[in-house]
Amino acid sequence: MATRAHLAPVWLRIFDLEVTHGEGVYLYGTDGRRYLDFTSGIGVTNTGHCHPRVVAAVQEQAARLLHGQANIVYHRPMLELVEALLTVVPAPLDTFFFANSGAEAVEAAVKLARYATGRPNIIVFQGSFHGRTNMAMALTTSKTIYRAGYQPLAAGVYVAPYPYAYRYGWDPETTLRFCLRELDFLLKSQTAPEETAALLVEPILGEGGYVVPPPGFLAALRERCDHYGMLLIADEVQTGFGRTGRFFAVEHEGVVPDILIMAKGMASGLPLSGIAARAEWMARWKPGAHGGTFGGNAVACAAAVATIQVMKAERLPENAAARGAELMAGLRRLAERFPGLGDVRGRGLMVGVEFSRNGEPDPAAAKAVQAACFRRGLLLLTCGTYDNVIRWVPPLGVTAEQIQEGLRIFEEALAEVAEISR
Ligand code: PLP
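Residues numbered from 1 in each chain as written. Predicted model: local features only at pLDDT ≥ 70, side-chain atom pairs only at ≥ 80, totals over all residues. Heavy atoms only, no water.

Undergrad: So what exactly am I meant to see when it comes to the pairing of strand 9 (residues 259-262) here?
TA: Consecutive side chains along a regular strand alternate between the two faces of the sheet. Neither face of strand 9 is open: one carries Ile259 and Ile261, the other Leu260 and Met262, and all of them are buried. Relative to strand 9, strand 8 (residues 231-235) runs parallel, the two being bridged by three bridges. Directly across from Asp235, in strand 9, lies its bridge partner Ile261. The pairing of strand 9 with strand 10 (residues 273-277) spans four bridges and is classified as antiparallel. Each bridged residue has a counterpart across the sheet, and for Ile261 the counterpart in strand 10 is Ile275. (Buried < 20%, exposed > 50% of the residue type's maximum accessible area, 1.4 Å probe, protein only. Helix = DSSP H or I, 4+ residues; strand = E, 2+ residues; numbered from the N terminus. Pairing = 2+ DSSP bridges.)

Undergrad: Just checking my understanding: could you explain the pattern of salt bridges for this structure?
TA: Between side chains of opposite charge, a pair can form as their charged atoms come close. By the definition in use, this model includes 25 salt bridges. Where Arg4 meets Glu18, a salt bridge forms, and the shortest distance between an N and an O atom there is 3.1 Å. With Arg4 in the segment before strand 1 (19-23) and Glu18 in the segment before strand 1, this pair connects stretches of sequence that are 14 residues apart. When its relative accessible area of 32% is taken as the criterion, Arg4 is described as partly exposed. Between Arg76 and Glu83 there is a salt bridge, with the nearest N and O atoms lying 3.8 Å from each other. Since its relative accessible area comes to 49%, Arg76 is described here as partly exposed. (Salt bridge = Lys/Arg side-chain N within 4 Å of Asp/Glu carboxyl O.)

Undergrad: I tried to follow the nonpolar core on my own but got confused; where do I start?
TA: A general feature of soluble globular proteins is that nonpolar side chains tend to end up buried together. Grouped together as the largest cluster of nonpolar side chains are 90 residues, with contacts concentrated most on Leu85, Trp392 and Phe410. Considering each element in turn, this core owes the most residues, ten residues, to helix 10 (residues 298-313). In this structure, this core is formed jointly by two domains, domain 1 (2-51 + 315-421) and domain 2 (52-313), each of which donates at least three residues. In this view, Trp392 contacts Phe38, Tyr210, Leu327, Leu331, Leu349, Met350, Val351, Val353, Leu378, Leu380, Gly406 and Phe410; residues no more than four positions away in its chain are not counted. Of all hydrophobic cores here, the second largest spans 34 residues; its members include Ala103, Val124, Met135 and Leu153. (Core = buried A, V, L, I, M, F, W, Y, C linked by side-chain atoms within 4.5 Å. Domains from an automatic or database assignment. Contact = heavy atoms within 4.5 Å.)

Undergrad: Just checking my understanding: could you explain the domain arrangement of the protein chain for this structure?
TA: Bring the parts together and some accessible area is lost; that lost area is often taken as the interface size. According to the domain assignment, the protein chain consists of domain 1 (2-51 + 315-421) and domain 2 (52-313). On a C-alpha basis, the centroid separation for the pair domain 1 and domain 2 is 25 Å. Regarding the contact of domain 1 and domain 2, the summed buried area is about 3,000 Å², with carbon and sulfur atoms giving 57% of it. It is His51, Arg347 and Met350 that lose the most area in domain 1 upon contact with domain 2, and together they represent 28% of the buried surface on that side. (Buried area = accessible area lost by both parts, 1.4 Å probe.)

Undergrad: Can you help me understand the state of the cysteines in this one?
TA: A covalent bond between the sulfur atoms of two cysteines is referred to as a disulfide. According to the stated counting rule, one finds zero disulfides in the structure shown. Residue Cys50 stays outside any disulfide, its sulfur separated by 19 Å from that of Cys301, the closest cysteine. Cys383 supplies the cysteine sulfur nearest to Cys373, a cysteine that is in no disulfide, at a spacing of 14 Å. Under the relative-accessibility criterion, Cys373 is labelled buried at 0%. (Disulfide = S-S within 2.5 Å.)

Undergrad: What exactly am I supposed to notice about the pairing of strand 3 (residues 34-37) here?
TA: The sheet contact formed by strand 2 (residues 26-29) and strand 3 spans three bridges and is antiparallel. Bridged to Tyr28 within strand 3 is Arg34. Here strand 2 folds back onto strand 3 in antiparallel fashion, the turn holding four residues, of which Gly32 has a positive phi close to 85°.

Undergrad: Any chance you could explain the site of the ligand here in plain terms?
TA: Close contacts around the ligand come from Ser101, Gly102, Ala103, Phe129, His130, Gly131, Glu202, Asp235, Val237, Gln238 and Lys264, and that covers them all. Contacts to the ligand include Gln238, whose side-chain N or O atom sits 2.9 Å from an oxygen atom. Burial of the ligand by the protein chains amounts to 83% of its free accessible area of 390 Å². Here the residues of the shell around the ligand are counted per class, giving three nonpolar, five polar and three charged. (Near = heavy atom within 4 Å. Polar contact = N/O pair within 3.5 Å; in protein donor to acceptor, adjacent residues only side chain to side chain. Areas by Shrake-Rupley, 256 points an atom, 1.4 Å probe, with all protein chains shown as cover. Nonpolar A, V, L, I, M, F, W, Y, C, P; charged D, E, K, R; others polar.)

Undergrad: I tried to follow the sheet that holds strand 8 on my own but got confused; where do I start?
TA: Backbone hydrogen bonds are what pair the strands of a sheet, in a parallel or an antiparallel way. Taken in spatial order, the seven strands make up an open sheet running 4-10-9-8-7-5-6, and their pairing is mixed. The sheet terminates laterally at strand 4 (95-99) and strand 6 (157-160), the two strands that pair on one side only. Here the strands of the sheet are splayed against their neighbours by 20° on average, with no regard to which way each runs. Two elements, strand 7 (residues 196-201) and strand 8, share four bridges in a ladder whose sense is parallel. Among the inter-strand pairings, Ala198 is bridged to a residue of strand 8, identified as Leu231. The sheet contacts of helix 7 (residues 172-189) involve strand 5 (121-125), strand 6 and strand 7, and relative to strand 6 the element is tilted by about 150°. (Axes fitted to C-alpha atoms, helices over the stretch in contact; angles between N-to-C directions.)

Undergrad: Would you mind showing me how to read the packing of aromatic side chains here?
TA: When we look at a pair of aromatic rings, we describe it by the centre distance and by the angle of the planes. A complete count under the given rule lists 15 aromatic pairs for this structure. Ring centres of Phe96 and Phe98 lie 6.2 Å apart, and the angle between their planes is 0°; on these two criteria the pair is classed as stacked. On the basis of relative accessible area, Phe96 is assigned to the buried category, the value being 15%. Residue Phe98 is classed as buried on the basis of its relative accessible area of 7%. (Phe/Tyr/Trp six-rings, centres within 6.5 Å; stacked < 30°, edge-to-face > 60°.)

Undergrad: I keep staring at the packing of helix 3 (residues 76-86) against helix 10 and nothing clicks. Help me out?
TA: If you want to describe how two helices pack, look at the angle between their axes and the distance between the axes. It is at 8 Å that the axes of helix 3 and helix 10 come closest, and there the two elements cross at 30°. It follows from the interaxial angle that helix 3 and helix 10 lie roughly parallel. Classified by chirality, the crossing of helix 10 by helix 3 is left-handed. Residues Pro77, Met78, Glu80, Leu81, Ala84 and Leu85 of helix 3 form the contact with helix 10, whose own contacting residues are Ala298, Cys301, Ala302, Ala304, Val305 and Ile308. Within the contact of helix 3 with helix 10, the residues separate by chemical class into eleven nonpolar, no polar and one charged. (Parallel < 35°, antiparallel > 145°, perpendicular 65-115°, else oblique. Left-handed = near helix turned anticlockwise from the far one by under 90°.)

Laid out in structure tokens, this is it:
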């Protein structure tokens, strides 16, 4: 306990939980309890905690080579990772740069877009989360806490609305039409297309509230990018690696971005991120124009290769789609009985439940339900600008029984909170 006081308080602590180890969908606490981890460490342990194949790959690589710096040598795991990624990343994205975190990969994508197009500005979408580093923070609009105290932010960032139908209170088609009209207006009023390097978008809004845009949104962005010579950058840091029921979320819409950003689930918990782009764009990035000491670490790359193998062998994206459908059906049934559950939405195992009261966001209810779930051994995260959305992010190998167990605990928690607030 005394040691904890020496940790920077800047880490917002959601639970008071110290763990000894993890296995599959479970975390084991020093309190002797087992917790159903439906956070996956914010969408990272998609293969489950300590998947034996990933652990074996890490152990084997650790004994062989820990660090093979990318400017100095080529190493086998990075080349094997490229081979593996080429089988899952949408064609024709075939050239990769590796880094360590999501934010770092976002920075790389923006640097590449600016460098390769010679244009300065980036358009982002309201509610997006792209990370904590200086540029990524300027690109992030999900909550003021991420920017307050750090202004002025990096320049050249413009914000268009994200088609979040529930928030606007409109049907999906009206919302989409409005958002595209506002985007076109932005390109006329604030940043001309010839000054705009890229549109940077999360195919499903993550931290901003687990919002699935209406069909046609990504295609409409693609169309504008093609028309004006802007790049489409898909931030798949949270949506990637099987989370939404496909390897990457852009696949649902059949849209291929110019740059795809990946991190989180990529190496099952080891720090690794990357961007994929068409060779012709990457070829414009002059040697030395970007880099980093640790990017594409050998052990992390070995973990990523094993992660992709596990995902294919165990058909984890398919399981995410099937279990996600069960989860959403269960949550929708609960929404009929608990009116505080204003909206249930998601894709695969990226599912959000938005709490509202009299049409207004209800973060207190979301937080109370989260705490009641924790007391019963279920870990869930919240998200959304108002923090009134409970997000479900279980490991992708979760079973139907474990989903039902999660729903049962959630139902009990809802009943308890309804009782309190009555
Ligand atoms: N982009 C998205 C969509 C994210 O969800 C996150 C993290 O939650 C990031 C970028 C930043 O990733 P990291 O925390 O690894 O820097």
